[in-house]
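The residues making up each chain are set out below.
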Amino acid sequence: MELKEYQAGSIQEALNLVRRDLGSDALILSTRKLRGAKSASGGSARSGQELFEISAVAGGIHTDSGSNHFDPSSLNSLKSELMSLREMIFLLSRSAHLMEGFRINPEAIDLYARLIRSGIAEPYAQLFLEKGGAFKANEQTASNNVYERVLKEIMKVVDVSEPFDQSEERVVAAFVGPTGVGKTTTIAKLAAELSLKQKKTIGLISIDNYRIGAIEQLKTYAGILDVPCFPAFNNDDLQFALKQMKEKDVILIDTAGQSHYDMARMEEMEKLIGRDRSINTHLLLSTVTSELEMGHVARNFGQLNFSAYIFTKTDETRARGVIINQLLKLRMPISFITTGQRVPEDISKATRTGILRLIFE
Ligand SMILES: Nc1nc2c(ncn2[C@@H]2O[C@H](COP(=O)(O)OP(=O)(O)OP(=O)(O)O)[C@@H](O)[C@H]2O)c(=O)[nH]1
Ligand SMILES: [Mg+2]
């Protein structure tokens, strides 16, 4: 793998040089503005003018098995936010404003690529860079500071909640969301954590009128933890179960997964749990869901008056920036993050720094 450097009087010209020499599969390793330097590689800049430098390698390095003798471990030492030339030209062509920002501070390109790679949507990535001062000329020498400031801006949109910590009163929490997002598994993880580690007394309720034997999964966990588990098919059942377990510290209510487009079922669920202010409802969103669909899920489940998000299956994607996209669409605190299938290990209480680490490490 041969690293090559290209210099020209504008980013676009430098990109053209890369494309001409290495083809459109080239990978951009770094971009920077050289002050007062002279063009050294045939670029069009003259002395005293702005000069931009791009370091790039030929593309296709991770698909070829041996013919180019590329050692994959050496890629790790390079920046993780590599961008293909094709991607970069595509992104730049979409926004003159972005192009201008990169002209002022070419190093912002690496940061932008990093945000995009992490799953943060383009307009939001641009917004965070702007807010973090990444497009200001006098910031260009302090790229670490810019990175930190951008992270701080992202952190500002993250709120967290701690539903089970401080309360003296009984906490009743319901878990809602589309099918298969991990509601029952998350309840099992929480029940184990709360009962075994925090020594709280727990009760479980399952509201699922749609599937035969739906309660069995929850009952199995209840049996292992030796906690009571009640089925509830209607409001009377629910009130009965809540009464039976009035001495418990925490009641966790499992619900049937449902399509967010099935508004009839949404209304049924609203009557059961959405109107009762003593129930804290958590909406579970799988991070594997597309940004667009996640937005629809949250909007339609909004009818249930949920008060926190739980993002699940964060182990199944590297584009965890969808969490930030969702917060920008509908701001709501995050209570928990789940990170795998293991019960009870794979769950963490949401913290602002933990979430940033999850997205950017
Ligand atoms: N990789 C991964 N899998 C998970 C996670 N949480 C749950 N799962 C898996 O997702 C699948 C569905 O989990 P459930 O807990 O049954 O999901 P649910 O939301 O209760 O499903 P329904 O009740 O059918 O709507 C199971 O195979 C779980 O092991 C997670 O954080 N990561
Ligand atoms: Mg379930």
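See the structure shown above.
## Topic: the overall build of the protein
The helix and strand tally for the protein stands at 14 helices and 12 strands. Sorting the 361 residues of the protein into buried and exposed places 40% on the buried side. Expressed as a percentage of contacts within the protein between residues at least 6 apart in sequence, the contacts between residues at least 24 apart total 75%.

## Quick look at the sheet that holds strand 12 (residues 347-349)
Judged by pairing direction, the sheet is mixed, and its 8 strands sit side by side in the order 7-6-8-5-9-10-11-12 without closing on themselves. Whereas interior strands pair on both sides, the edge strands pair on one side only; in this sheet they are strand 7 (229-231) and strand 12. Between one strand axis and the next, the sheet turns through 20° on average, direction left out of account. Bridge count for strand 9 (residues 279-286) against strand 10 (residues 308-312) is 5 bridges, and the pairing is parallel. Within strand 10, the residue paired with Leu 285 across the bridge is Phe 311.

## Brief notes about the packing of helix 5 (residues 108-117) against helix 6 (residues 122-131)
Each pair of packed helices can be described by the angle between their axes along with the distance between the axes. Packing of helix 5 against helix 6 leaves a shortest axis separation of 9 Å and a crossing angle of 140°. For the element pair helix 5 / helix 6, the angle class is oblique. Remark: the crossing between helix 5 and helix 6 carries right-handed chirality. Residue-level inspection shows Ala 108, Leu 111, Tyr 112, Leu 115 and Ile 116 of helix 5 in contact with helix 6, the latter providing Glu 122, Ala 125, Phe 128 and Leu 129. Residues that form the contact of helix 5 with helix 6 fall into these classes: 8 nonpolar, no polar and 1 charged.

## Structural notes on the nonpolar core
Core analysis: the biggest nonpolar cluster contains 99 residues, and Ala 191 and Leu 204 have the highest contact counts within it. It is helix 5 that contributes the most residues to this core, 7 residues altogether. If we skip the residues at most four places from it in the chain, Ala 191 touches Ile 202, Leu 204, Tyr 221, Leu 225, Val 227 and Leu 252.

## Here's the deal with the packing of helix 8 (residues 183-197) against helix 9 (residues 215-225)
Taken N-terminus to C-terminus, the directions of helix 8 and helix 9 make an angle of 15°; their axes are 10 Å apart at the nearest point. One element, helix 8, and the other, helix 9, form an angle in the roughly parallel class. Note on packing geometry: the crossing formed by helix 8 with helix 9 is right-handed. On helix 9, the residues that touch Thr 184, Ile 187, Ala 188, Ala 191, Ala 192 and Ser 195 of helix 8 are Gln 217, Leu 218, Tyr 221 and Leu 225. Split into classes, the residues belonging to the contact of helix 8 with helix 9 amount to 7 nonpolar, 3 polar and no charged.

## Description of the site of ligand 1
Taken together, 17 residues surround ligand 1, and among them Gly 182, Thr 184, Thr 185, Gly 257 and Thr 338 come closest. For the shell around ligand 1, the element with the highest residue contribution is helix 8, accounting for 3 residues. Among the residues making up the shell around ligand 1, the classes are represented as 1 nonpolar, 11 polar and 5 charged.

Rules behind the numbers
Residues numbered from 1 in each chain as written. Chains lettered and ligands numbered in written order. Predicted model: local features only at pLDDT ≥ 70, side-chain atom pairs only at ≥ 80, totals over all residues. Helix = DSSP H or I, 4+ residues; strand = E, 2+ residues; numbered from the N terminus. Buried ≥ 20, exposed ≤ 12 C-beta atoms within 10 Å, placed from the backbone. Contact = placed C-beta atoms within 7 Å. Pairing = 2+ DSSP bridges. Axes fitted to C-alpha atoms, helices over the stretch in contact; angles between N-to-C directions. Parallel < 35°, antiparallel > 145°, perpendicular 65-115°, else oblique. Left-handed = near helix turned anticlockwise from the far one by under 90°. Nonpolar A, V, L, I, M, F, W, Y, C, P; charged D, E, K, R; others polar. Core = buried A, V, L, I, M, F, W, Y, C linked by C-beta atoms within 7 Å. Near = placed C-beta within 6 Å.

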